[in-house]
Amino acid sequence: MTAQSIDRTASRKQRLQEKQRRQLAVVDTVDKAEIKVRKAETELAVAVTEAVQVFGDEQAASEGLDMPVESVRHFLGMARTEAAGGDKGGTEDVQAVDGP
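Residues numbered from 1 in each chain as written. Predicted model: local features only at pLDDT ≥ 70, side-chain atom pairs only at ≥ 80, totals over all residues. Heavy atoms only, no water.

K.L.:
Just to check I follow, could you spell out the overall build of the protein for this structure?
P.N.:
A tally of regular secondary structure across the protein gives four helices and zero strands. A total of 100 residues make up the protein; the buried ones form 18% of that total. The long-range fraction of contacts in the protein, counting pairs at least 24 apart against all pairs at least 6 apart in sequence, stands at 43%. Of the roughly 7,600 Å² of accessible surface on the protein, 54% is carried by carbon and sulfur atoms. (Helix = DSSP H or I, 4+ residues; strand = E, 2+ residues; numbered from the N terminus. Buried < 20%, exposed > 50% of the residue type's maximum accessible area, 1.4 Å probe, protein only. Contact = heavy atoms within 4.5 Å. Areas by Shrake-Rupley, 256 points an atom, 1.4 Å probe, with all protein chains shown as cover.)

See below:
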């Protein structure tokens, strides 16, 4: 193997290592963001639960919060799951949250 070939191989290896390092940094950033989102959703679920108690029922809370009833139910379900000690990752019924 010539010196030029060895240099090219080392350079290629360095580029691949740098690419992998950047990819891992992105994955780490996404993981941290997902944790923040789950925490925020959990806090919102608690707030929606309190709103339902204050307003009296899901429909009244929906109107008071200007939030679809489906979303209110979604967050109530999250709060129940959280209270039970389980965690489904906060991704169930995401469409209901994004709804009109």
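K.L.:
Mind showing me how you'd approach helix 3 (residues 69-83) here?
P.N.:
In an α-helix there are 3.6 residues to a turn, and that puts residues three or four apart on one side. When the terminal C-alpha atoms of helix 3 are compared, their 21 Å separation across 15 residues agrees well with the 21 Å that a helix rising 1.5 Å per residue should span. Taken as a whole, helix 3 has its buried residues at Val-69, Ser-71, Val-72, His-74, Phe-75, Leu-76, Met-78 and Ala-79. Looking at the residues trailing helix 3, positive phi occurs at Gly-85, about 90°. (Expected span 1.5 Å × (residues − 1).)

K.L.:
Could you clarify how one ought to interpret the pattern of salt bridges in this entry?
P.N.:
Side-chain pairing between opposite charges can occur once the charged atoms of the two side chains come close. For the structure on display, the rule yields four salt bridges. Among the salt bridges present, the one from Arg-21 reaches Glu-18, with a minimum N-O distance of 2.6 Å. Taken together, the positions of Arg-21 and Glu-18, both in helix 1 (residues 3-55) and three residues apart, correspond to about one turn of that helix. We classify Arg-21 as partly exposed; its relative accessible area is 46%. For Glu-18, a relative accessible area of 32% gives the class partly exposed. (Salt bridge = Lys/Arg side-chain N within 4 Å of Asp/Glu carboxyl O.)

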